[in-house]
Amino acid sequence: MVNTKFLQNILWRNINSFQNSGYRNFIYLNFNREYLFSTMSSKGQPEWHVPENKLPLPTLKLYNSLTRSKVDFVPKNGKQITWYNCGPTVYDSSHIGHARLYVTIDILRRILTDYFNYDILFVMNITDIDDKIILRARQNYLFNNFKSVTNSLSQELIDQVKAALNDFAQTKLGVANNGPALNLAPSKEDPKYLLYANTLRETVQTVASAECSLEDNDLSQEAAHQLLVGSKDVVQSWLDKEKGHTVTDQKVFRDLAAYWEKDFMKDMELLNVRPCDILTRVSEYVPEIVEYVKRIIENGYGYVVDGSVYFDTKAFDAKDAHNYAKLQPWSAGNEGLIEEGEGSLGSKLLGKKNKSDFALWKKSKPGEPSWESPWGLGRPGWHIECSAMASEILGENMDIHSGGIDLAFPHHDNELAQSEAYHGCAQWVNYFIHVGHLHVEGQKMSKSLKNFITIRQALEKYTPRQLRLCFLLHQWDSKLDFKESSMVEVKNVESILNNFFINTKALLNEHKHNAYESDGTHRYRNPEKEIISLLREKQVAIHTALCDSINTPAAMSELMELITNANIYLSNGRNNINVYVLENVAKYVTKMLRIFGVVGNSALEEIGFGVSEQQNVGNTEDIVLPYLRILSGFRDNVRDLARQERDHSEFLVLSDKLRDVDLVELGVSLDDQEDGKALVKLVDKNELIKAREAKLRAQAEKAARKEETAKAKEEERQKRLEKGKIAAEDMFKDVKDEEQKNAYSAFDEQVMLAR
């Protein structure tokens, strides 16, 4: 019988001696110590029990417009998601409806990325070829040219505006201007009636004012331009009708789109919307679109009519594997929606086989941008652009396609049809998600109702954070009524969040000074246990809410309830709370708000909103005011010197003081460059002060040396002057050298005179 204990002790001693002798690597490469001992021991480890999950978590479900229900979200490639989002048609300022759409999509994207940890390839398009863009660009171009050559007010100019007015009334409202009275009977068929009627009334008033100016003999260019600006909508519509076909420079259309694209991107930046991973522009994918249309024709779902190409919805719908209008089958015969989808320049095109057919490629008319194609000069239809560009990037199938609910039919339904016709597949998109409508004070937003709000206008009244909170507090696929009362609630939520963060951070900062002191008692009693327990409950509840088709209103409600209870606990006073318990709550709330995009990307603080937005919260004033005071003081000094008409050198001294004294105290370095412009650097304040002191010492030493040299020169000069004051007969009486003194001890009158 082998004594395993004896062998075990021998092996231990040998292994230790090997380690001490440098043989450690040999031992570990050739022996597994744990294996040796376990085989020698008669006693093994006890059985390990697999834990039981007592709280299984729900799986993520999304509301899918293709099923009109919440379904399990199953990406086709593990944790990777392909996502295409319909971007803007860039021809005008973005409005609050755009803000709701793109901020909401940004929230969904952030949650899927930062909370559920999916890897997303997010693609968005810019529509820079469209009927609206063509009309707006052409009209702006013609109007500006007309205005630039109009130098004076005249009866001819007034008559031209009247002709434009009459044409506008006939075209938009079907009535004529036969005098001072206009027949402005409502037109039920035209939802823009009120806007057109208001435009006509305003133009009539502008014309009347111009006629008064003419009677008063005011023929100035200013009066002429007042007439044109006041009647711009009417005049540019008339000019386009008369001369629109003469606009042939494609740069006219591209410049307008580029201007508004840049404006849109600036709005998105202000709203803290993450940039897309890949941005596509229609004008850059025309060759791919042409090839896309060609294959649809080859597959039997497209046909050519006089240089245009249409999609055959009946042929597509007749195939067993295909269904037209998957999203809104009840809208398939809605001619109004179909014509609206074709655009204002192509809604009356003839030659379609079926009323529901739509343009894949449009033959360009004079005054429209055009590209070469097998069917002649033309341009892409609206719907084909997304299909071609998304397919080029994401292939024959994608996980998510998103956009506004107003695009569901015909745009998205037509996208699905032409894409499935191109790829020969039954399902191009797996999950179609649509953001709900936005109304303003209970009404659809419209310029005619005077409730049209641009993003910039909204940001004059509300902060980006407040707008995002507003959208978070409403379910993404439901209608949102944007109104004053709802924004009051949003501001209240923001205030509660901010006050909680401020109070918690203040307590934490105070606690740093006595963090290691103890009175012998812990601070983890029932109140603390209740808060921690509530935190864990809310974490589960928020996860459940986000799994329920990303229900952000429910998630925000859970967060606010958590903060309410934390505030009650906080009210016990600093001596009766555990700051680390509050810190845990505050960090979790901040983490979730950062995931939602409420806390900016540049805010590095673990707690609170940070100072990434220039808003009047937290310590923003403490940070900004020192800079503003210096700027204001510098301005005051400059104005004072200017009023006194002081020498320009004094302005330079003032500028040097700003550079060497004032800004140094704020850690700002102005490094003067050879081109005369300063390079602004943010440098450690202490380093700048040291550099400034060294520079001042060097300057002082140089000045001291200069002063010493000047003083020596002055003393020498003074000596010479003093010598000039001595009488000739006394000049050498103080000579020290005895020989010289004897030689010049007496002078006669002649010598003096001679000298």
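This structure is a prediction, so every number in the text was calculated from the model and none was measured.

Some points on the overall build of the protein chain
Right, so step 1: Along its length, the protein chain carries 26 helices and 16 strands.
Right, so step 2: In the protein chain, which comprises 755 residues, the proportion classed as buried is 41%.
Right, so step 3: Accessible surface, the protein chain as shown: approximately 42800 Å² in total, 51% of it carbon and sulfur.

Examining the pairing of strand E7 (residues 308–311)
Right, so step 1: Along E7, one buried face is formed by Ser308 and Tyr310 and the opposite face, lined by Val309 and Phe311, is buried too.
Right, so step 2: Relative to E7, strand E6 (residues 302–305) runs antiparallel, the two being bridged by four bridges. Pairing of Gly302 across the sheet is with Phe311, part of E7.
Right, so step 3: The hairpin turn running from E6 into E7, its antiparallel successor, is two residues long, and Asp306 in that turn takes a positive phi close to 50°.
Right, so step 4: Across three bridges, E7 lies against strand E8 (residues 358–363) in antiparallel orientation. Opposite Tyr310, over in E8, you have Ala359 as the bridge partner.

Regarding unusual backbone geometry
Right, so step 1: Following Phe409, the chain continues to Pro410 via a peptide bond in cis, the omega torsion being 10°.
Right, so step 2: With respect to the secondary-structure elements, Pro410 resides in helix H15 (residues 408–423).
Right, so step 3: Phi angles above zero are rare outside glycine, and Arg68 is one such case at about 55°.
Right, so step 4: Residue placement: Arg68 occurs in the loop between strand E1 (61–64) and strand E2 (69–72).
Right, so step 5: By relative accessible area, which is 51% here, Arg68 ends up exposed.
Right, so step 6: Positioned with a positive phi, Asn117 is a non-glycine residue whose angle comes to about 65°.
Right, so step 7: Residue placement: Asn117 occurs in the loop between helix H4 (96–115) and strand E4 (119–126).

Some words on the packing of aromatic side chains
Right, so step 1: Counted under the stated rule, the structure contains 18 aromatic pairs.
Right, so step 2: Measuring from ring centre to ring centre gives 5.0 Å for Tyr115 and Phe116, while their planes differ by 85°; the resulting arrangement is edge-to-face.
Right, so step 3: Ring plane angle 75° and centroid distance 5.7 Å describe the contact between Tyr301 and Phe316, whose orientation is recorded as edge-to-face. Within this pair, whereas Tyr301 is found in the loop between helix H11 (286–298) and E6, its partner Phe316 is found in helix H12 (residues 313–318), the two being separated by 15 residues in sequence. In terms of burial, Tyr301 and Phe316 fall into one category: buried.
Right, so step 4: These aromatic residues form a ring-pair network of at least three members: Tyr301, Phe311, Phe316 and Phe358.
Right, so step 5: Taking the ring centre of Tyr118 as reference, the NZ or CZ of Lys79 above it sits at 4.1 Å.
Right, so step 6: The side chain of Arg465 reaches across the aromatic face of Phe609, ending 3.9 Å from its centre.

Overview of the sheet that holds strand E13 (residues 443–444)
Right, so step 1: Ordered in space as E13-E12-E14, the three strands form an open sheet in which the pairing is mixed. Lying at the two open borders of the sheet, with one neighbouring strand each, are E13 and strand E14 (480–482).
Right, so step 2: Examined bridge by bridge, strand E12 (residues 438–440) and E13 share two bridges and lie antiparallel to one another. Bridged to Val440 within E13 is Gln443.
Right, so step 3: Across the sheet, H4 touches E12 and E14, and the angle it forms with E12 is around 145°.

Description of the side chain of His322
Right, so step 1: Mapped onto the secondary structure, His322 falls in the loop between H12 and helix H13 (335–342).
Right, so step 2: Each residue touching His322, except ones within four places of it in the same chain, is listed here: Tyr301, Phe316, Asp317, Glu420 and Cys425.

Focus: the sheet that holds strand E9 (residues 378–380)
Right, so step 1: Reading across the sheet, the four strands line up as E6-E7-E8-E9 and stay open at both edges, with antiparallel pairing between neighbours. Unpaired on one side and paired on the other, E6 and E9 mark the two borders of the sheet. The mean inter-strand angle of the sheet, taken between neighbouring strand axes irrespective of direction, is 25°.

Overview of the packing of helix H18 (residues 484–511) against helix H21 (residues 579–596)
Right, so step 1: Contact geometry for H18 and H21: axes closest at 10 Å, N-to-C directions at 135°. Here H18 is positioned oblique relative to H21, judged by the angle of their axes. As H18 runs across H21, the sense of the crossing is left-handed. Contact residues: H18 offers Leu497, Phe500, Phe501, Thr504, Leu507, Leu508 and His511, while H21 offers Val579, Tyr580, Leu582, Glu583, Val585, Ala586, Val589, Thr590 and Leu593.

Thoughts on H13
Right, so step 1: Along H13, the residues classified as buried are Ile338, Gly341 and Glu342. Buried residues along H13 cover an arc of 100° about the axis, so they all sit on one side.
Right, so step 2: Looking at the buried positions of H13, the neighbouring elements they touch are helix H5 (131–148), E8, helix H14 (382–394) and H15.
Right, so step 3: If you check the start of H13, you find a side-chain oxygen 3.1 Å away from the backbone N of Gly336, and it comes from Asn334.
Right, so step 4: Two residues or fewer past H13, Gly343 is found with a positive phi of approximately 95°.

Cut-offs used in this document
What you see as residue numbers is a count from 1 along each chain, following the sequence as written. Reporting of local features is limited, given that this is a predicted model, to residues whose pLDDT is at least 70; pairs of side-chain atoms are given and counted only at 80 or more, and all residues count toward the totals for whole chains, interfaces and linings. The side-chain figures draw on all heavy atoms in the structure; neither hydrogens nor water molecules are used. Each helix is a run of H or I in the DSSP string that is no shorter than four residues. Each strand is a run of E no shorter than two, and both are numbered from the N terminus. Accessible area is worked out with a 1.4 Å probe on protein chains only. A residue is then buried under 20% of its type maximum, exposed over 50%, and partly exposed in between. Per-residue accessibility takes into account occlusion by the displayed protein chains alone, with areas from the Shrake-Rupley method and a 1.4 Å probe. When DSSP finds two or more bridges between two strands, those strands count as paired. Aromatic contacts are taken between Phe, Tyr and Trp rings whose centres are within 6.5 Å, Trp giving its six-membered ring; a plane angle under 30 degrees counts as stacked, one over 60 as edge-to-face, and the others as tilted. Counting as a charge over the ring demands two things of the Lys NZ or Arg CZ atom: a distance within 6 Å of the ring centre and an angle within 35 degrees of the ring normal. Whether two residues are in contact is decided by their heavy atoms: any pair within 4.5 Å suffices. Lines fitted to the C-alpha atoms define the axes, with helices restricted to the stretch that makes contact. Angles between their N-to-C directions range from 0 to 180 degrees. Angles are sorted into four bins: roughly parallel if under 35 degrees, roughly antiparallel if over 145, roughly perpendicular if 65 to 115, and oblique for all others. Handedness of a helix crossing follows the sense of rotation of the near helix relative to the far helix, less than a right angle counterclockwise being left-handed and clockwise being right-handed. Arc definition: directions from the helix axis to the C-beta atoms. In protein, a polar contact means a hydrogen-donor-capable atom and an acceptor-capable atom, both N or O and within 3.5 Å, with residues adjacent in sequence counting only if both atoms are side-chain atoms; elsewhere, any N or O pair within 3.5 Å suffices.

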